[in-house]
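Letter by letter, the chains look like this.
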Amino acid sequence: MDADARIVAAMRRTLELAARGPLTGGNPQVGCVLLDADERPIAEGWHRGAGTPHAEVDALSRAPEGAAHTAVVTLEPCAHTGRTGPCAEALAAAGIRRVVYAVDDPGPEAGGGAERLRAAGVEVVSGVLADEADALLGPWLTAARRARPWVTVKWAATIDGRAAAADGTSRWITGPDARRDGHRLRAESDAILTGTGTVLADDPALTARDDDGALLPHQPLPVVVGARPVPAGAALRRHPAGLVEAGDRPLAEVLDELWRRGAARVLVEAGPRLTTSILREGLADELAVYLAPKLLGGPATAIGDLGIAAIGDAIDLELREVRRLGPDLALALRSAPADREPGGVGVRHAREGRAAPEDGRGR
Ligand code: AOF
Ligand code: ZN
């Protein structure tokens, strides 16, 4: 292997290492491979979640002192002192001569590590396997750039887009495989957003569970929006992660607050009212739609009025993933490339100027 191929191979390895870290907890998944002066790997590390050492520091702790020459990292080494010290300084202090990373850290505090490294006389190269790193870190990068969590909106519907029958019943539209997938989505989220209407109608537990009903290791924080209080006896009051009653506040404000509390990934699991509001306000980044091969007909559509008058105003989506789960389909969608915000990957409202409905809370 020539020198460049070794760097690319090391970067590919950082992506594998990064993926061992948790999706939840507010921090990005980062891996690091240290190379000696001949560009042979001598140590590797990865970030195990908020409050634990960053990937670079983890890798440095496993390398013989003074042996590491080049650090290959998924993300630009941080420049800030957060729960841990700045990686840019730790790398320079350890005698690293060259740092190669894939994508910039967009954070206002943590970003700027490349400059700090250069100022310390370290050679810095960025953009190696940037697309691959972006595929892994895209949601976190988007969240960090705009200081608001990545929002995945989930719903289950019949093939004709209905989410309930005439009598209001909606359990169960999809089968056990799709439900299991929904619990995985919960376990991969920092918070789960719903409306008081859903709480009053369905009394959901909003926990992440396995097939036997046992709690998965990570539980999302349930957040309820809407003016009405969560009843004293509601299942949500026994949620292991606690409960946030956000009240009747603007949804964007609730999301901003969740980012400040360390949530980078929020799942919306609500009825048509709140789901529609999130879409109308352009707050959805990704849709997770489960479709059952059933027909219900009738007025109970999964999504309400989006304020779209003409077909040309439709929100264009890109189908990113299709899976068959037992009898059902699971679709992952994001906005079509032309509708994306600059540098963004989310679901944006196709046209500007559609105000959110005043009563757009709850169900
Ligand atoms: C790195 N390497 O492995 C990670 C980085 O306050 P802390 O210590 O939890 O720092 C979190 C921030 O550090 C996070 O928002 C992101 O900007 C950066 N994450 N940086 O150099 C790593 N996980
Ligand atoms: Zn760091």
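Report follows, based on the coordinates.

Cut-offs and rules
- Residues numbered from 1 in each chain as written.
- Chains lettered and ligands numbered in written order.
- Predicted model: local features only at pLDDT ≥ 70, side-chain atom pairs only at ≥ 80, totals over all residues.
- Heavy atoms only, no water.
- Near = heavy atom within 4 Å.
- Polar contact = N/O pair within 3.5 Å; in protein donor to acceptor, adjacent residues only side chain to side chain.
- Areas by Shrake-Rupley, 256 points an atom, 1.4 Å probe, with all protein chains shown as cover.
- Nonpolar A, V, L, I, M, F, W, Y, C, P; charged D, E, K, R; others polar.
- Core = buried A, V, L, I, M, F, W, Y, C linked by side-chain atoms within 4.5 Å.
- Buried < 20%, exposed > 50% of the residue type's maximum accessible area, 1.4 Å probe, protein only.
- Contact = heavy atoms within 4.5 Å.
- Phe/Tyr/Trp six-rings, centres within 6.5 Å; stacked < 30°, edge-to-face > 60°.
- Lys NZ or Arg CZ within 6 Å of the ring centre and 35° of its normal.
- Helix = DSSP H or I, 4+ residues; strand = E, 2+ residues; numbered from the N terminus.
- Arc of directions from axis to C-beta.
- Pairing = 2+ DSSP bridges.

**Looking at the site of ligand 1**
- Not every one of the 18 residues close to ligand 1 is listed here, only the nearest: Ala55, Glu56, Cys78, Arg83 and Asp105.
- The side chain of His54 places a nitrogen or oxygen atom 2.9 Å from an oxygen atom of ligand 1.
- One of the side-chain nitrogen or oxygen atoms of His80 is found 3.4 Å away from an oxygen atom of ligand 1.
- Within the complex, 92% of the 520 Å² of free accessible area of ligand 1 lies under protein.
- Broken down by class, the residue content of the shell around ligand 1 amounts to eight nonpolar, six polar and four charged.

**Some details on the nonpolar core**
- Counting residues in each nonpolar core, the largest one holds 41 residues, and the members touching the most others are Leu34 and Val99.
- Discounting residues that sit within four places of it in the chain, Leu34 has contacts with Arg40, Pro41, Ile42, Ala43, Ala59, Leu60, Ala63, Ala68, Thr70, Ala71 and Ile96.
- Counting 34 residues, the second largest nonpolar core, distinct from the first, contains Val223, Leu251, Ala284 and Leu287.

**As for the packing of aromatic side chains**
- Counting across every chain of the model gives zero aromatic pairs.
- Directly above the aromatic system of Trp46 lies the positively charged group of Arg48, at a separation of 3.8 Å from the ring centroid.

**Things to note about helix α8 (residues 251–260)**
- Among the residues making up α8, those that are buried are Leu251, Val254, Leu255 and Leu258. Summarising the axial view, the buried residues of α8 lie within an arc of 95 degrees, below the 170-degree limit, and thus occupy one face.
- On its buried side, α8 packs onto β6 (150–158), β7 (191–195), β8 (221–225), β9 (244–247), β10 (265–269) and α9 (272–280).
- Once α8 ends, the next one or two residues include Gly262, with phi positive near 95 degrees.

**What to know about the pairing of strand β11 (residues 286–292)**
- Most of β11 is tucked away, with seven of its seven residues classed as buried.
- Every second residue of β11 is oriented toward a common face, with Glu286, Ala288, Tyr290 and Ala292 on one face and Leu287, Val289 and Leu291 on the other, all of them buried.
- One ladder, built from seven bridges, connects β6 with β11; its direction is parallel. By the bridge assignment for β11, Val153 is matched with Leu287.
- Sheet topology note: the β11/strand β13 (residues 328–335) ladder contains five bridges and is antiparallel.

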